[in-house]
Amino acid sequence: MNVTRTQVGIVGGGPAGLMLSHLLAKQGISNVVIESRDHDTIANTHRAGILEQPSVAMLTDTGVDGRVLTVGDEHEGINLRFKGESHLLNFPELVDATVTLYAQNEVFIDLAAARARDGGDVRYESEVTEIFDLKTDTPKFRYRSVAEGADPDALQEVHCDVLVGADGSRSFCRRAVRDEPGHQDFTTEYPFAWFGILCEAPKSFPELIYANSPRGFALISQRSETVQRMYFQCDPNTNVDDWSEDRIWDELQSRVAGPDGFELKTGPIFDKTVLPFRSFVREPMSHGNLFLAGDAAHTVPPTGAKGLNLAFADVRVLFEALDSFYSTGSRALLDSYSDTALRRVWKAQNFSYWMTTMLHTTAEENPFSTRRSLGDLESVTSSVYGRQYLAECYTGWPNSRP
Ligand code: PHB
């Protein structure tokens, strides 16, 4: 069997895995990334698009690329809309921060290009089959190529000092240690999903609109001056083929309608997807010399726009721990990685859950809950402390506090 020796083995070449690989390489720490999908599949997978300032800085200040500053769109706030009225939260005024709208697949494209430019060892179409020896000084994994024409029986092995599972919400690495004593999964399901569209249309409003309406939630987001991204709450079993363009626009318009006469600018829809979601955390985020990062360890509903930011926050903590391990030999930061990362994870879980329940409504729900959510929105928007609280969570907690 072909064996590769490296310092850090990374399973998963999405934004978390590639960012970690990039930071480690800059410090001269060798690493190998394997990723089951091919480059173009990830580059064309549409995901959420809000980056906190520290996430933007990780791309610009570490030499990945400055495209996020030119193609990305800096946003000074969001618009909460309920009872047909808009309430603008101005982030610079409230918390002296902004966020940047830059789609996750663009982040991936930049990171993949930076790894290729810097000679990174990223092996696409490579599927992990086994991880083992996790509690030793040399954890290992095996993988096979799933590229067309590859021999499925030809396995390759990677030996490393530390193994990182950054392999997304269906993480092989997380499942491999599921039954270890002390490991626990925490989950909440939601009785709805999001119907997401991409359309060719001008922006309807300068800021993103998060709308609570009697027909359910809608989010009006953007991709560029000419392409817009919008979502509306739907049943998880919805079939996109049952939804004509006219039906989609009627639904979206009804969810943002109000006495102010606000209307969305429409145009041809060229992508329709149903995105189910849940809240999930695995504790602890490590096992021996295996460390989980990003969606492999936790997923959040997209309402708080925290997914990628949380993954990058894990990577920051893990990178510092690895850097310290290789420069001083001390395992102290590796040992505290899970506890440190989980403090931010649970804050983000709380925020994402809160935003989701405050903004969504379901026909079956107790009318008390519907009124209570409106009371929540009223409390937040009518108080400077409420607006500040939401703005701080949305723009991200300072780095010094995990
Ligand atoms: C998006 O633009 O895809 C987006 C933005 C904000 C969210 C979720 C998704 O909260």
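See above for the structure.
What you are looking at is a predicted structure, and each value in this text was computed from that prediction instead of being measured.

From N to C terminus, the protein includes twelve helices and 21 strands. Taking 402 residues into account, the globule formula puts the C-alpha radius of gyration at 21 Å, and the protein, at 22 Å, falls close to it. The dimensions of the protein, computed from C-alpha atoms along their principal axes, are 70 × 45 × 40 Å. Counting every position in the protein, which comprises 402 residues, the buried fraction comes to 53%. Looking at the protein as shown, the accessible area adds up to about 17100 Å², and 48% of this sits on carbon and sulfur atoms.

Here we take up the pairing of strand 17 (residues 227-234). In terms of burial, strand 17 is a largely internal element, seven of the eight residues being buried. Inspection of the sheet shows strand 14 (residues 184-200) paired to strand 17 by eight bridges, in the antiparallel sense. Looking at the pairing, Cys 199 lines up with Gln 228 of strand 17. Relative to strand 17, strand 16 (residues 218-222) runs antiparallel, the two being bridged by five bridges. Considered in strand 17, the bridge of Ile 220 is made with Met 230. Once strand 16 ends, the chain turns through four residues before running back antiparallel as strand 17.

On to the site of the ligand. Within the structure, the ligand sits among 16 residues, and Tyr 210, Ser 221, Arg 223, Tyr 231 and Pro 302 are positioned closest to it. One nitrogen or oxygen atom from the side chain of Ser 221 is found 2.6 Å from an oxygen atom belonging to the ligand. At a separation of 2.8 Å, an oxygen atom of the ligand approaches a polar backbone atom of Pro 302. In isolation the ligand exposes 280 Å². Once the protein is present, 100% of that is buried. Elements that contribute at least two residues to the shell around the ligand include exactly strand 15 (208-211), strand 16 and strand 17. Of the residues in the shell around the ligand, the class split is ten nonpolar, three polar and three charged. When we break the shell around the ligand down by domain, the ones giving at least three residues each are domain 1 (2-74 + 101-188 + 278-354) and domain 2 (77-97 + 190-277 + 363-395).

This brings us to the nonpolar core. Tyr 210, Leu 390 and Tyr 394 are the most contacted members of the largest nonpolar core, which has 96 residues in total. Of all the elements, helix 10 (residues 332-359) adds the most residues to this core, at eleven residues. Sequence-distant contacts of Tyr 210, that is, excluding residues within four places in its chain, are made with Ile 78, Asn 79, Leu 80, Arg 81, Phe 217, Ala 218, Leu 219, Thr 303, Ala 305, Met 355, Leu 359 and Tyr 394. One finds Ala 193, Ala 201, Val 256 and Leu 264 within the second-largest nonpolar core, a separate group that totals 21 residues.

For sheets, the rule is that strands pair by backbone hydrogen bonds, running either parallel or antiparallel. Taken in spatial order, the four strands make up an open sheet running 1-12-11-10, and their pairing is mixed. One side of each edge strand has no neighbouring strand; the edge strands of this open sheet are strand 1 (2-5) and strand 10 (126-132). Going from strand to strand, the sheet's axes swing by 25° on average, the running direction of each strand aside. Relative to strand 11 (residues 140-145), strand 10 runs antiparallel, the two sharing six bridges. Looking across to strand 11, one finds that Ile 131 is bridged to Phe 141.

Cut-offs and rules
Residue positions within a chain follow its written sequence, with the count starting from 1. The model is predicted, so local features are restricted to residues of pLDDT at least 70 and side-chain atom pairs to those at 80 or more, both for listing and for counting; the totals for chains, interfaces and linings are taken over all residues. Working from all heavy atoms in the structure, the side-chain values ignore hydrogens and water. Strands here mean DSSP runs of E at least two residues long; helices mean DSSP runs of H or I at least four residues long; both are numbered from the N terminus. All radius of gyration figures rest on C-alpha atoms, and the globule criterion is 2.2 Å times the number of residues raised to 0.38. Whether a residue is buried, partly exposed or exposed follows from its accessible area with a 1.4 Å probe, protein chains only, as a fraction of its type maximum: under 20%, in between, or over 50%, in that order. All accessibility values rest on the Shrake-Rupley procedure with a 1.4 Å probe; residue burial counts only the protein chains present in the view. Whether two strands pair comes down to DSSP finding at least two bridges between them. One heavy atom within 4 Å of a molecule or strand makes the whole residue count as near it. We call two N or O atoms a polar contact when they sit within 3.5 Å, provided that within protein one can donate a hydrogen and the other can accept it, with sequence-adjacent residues counted only if both atoms are side-chain atoms. Amino acids are sorted into nonpolar (Ala, Val, Leu, Ile, Met, Phe, Trp, Tyr, Cys and Pro), charged (Asp, Glu, Lys and Arg) and polar (every other residue, Gly among them). The domain boundaries here were taken from an automatic or database domain assignment. Nonpolar cores were defined as sets of buried Ala, Val, Leu, Ile, Met, Phe, Trp, Tyr and Cys residues, with membership established by side-chain atoms within 4.5 Å. Should any heavy atoms of two residues lie within 4.5 Å, those residues are counted as being in contact. To get an axis, fit a line to the C-alpha atoms, keeping to the stretch in contact for a helix; angles then go from 0 to 180 degrees between the N-to-C directions.

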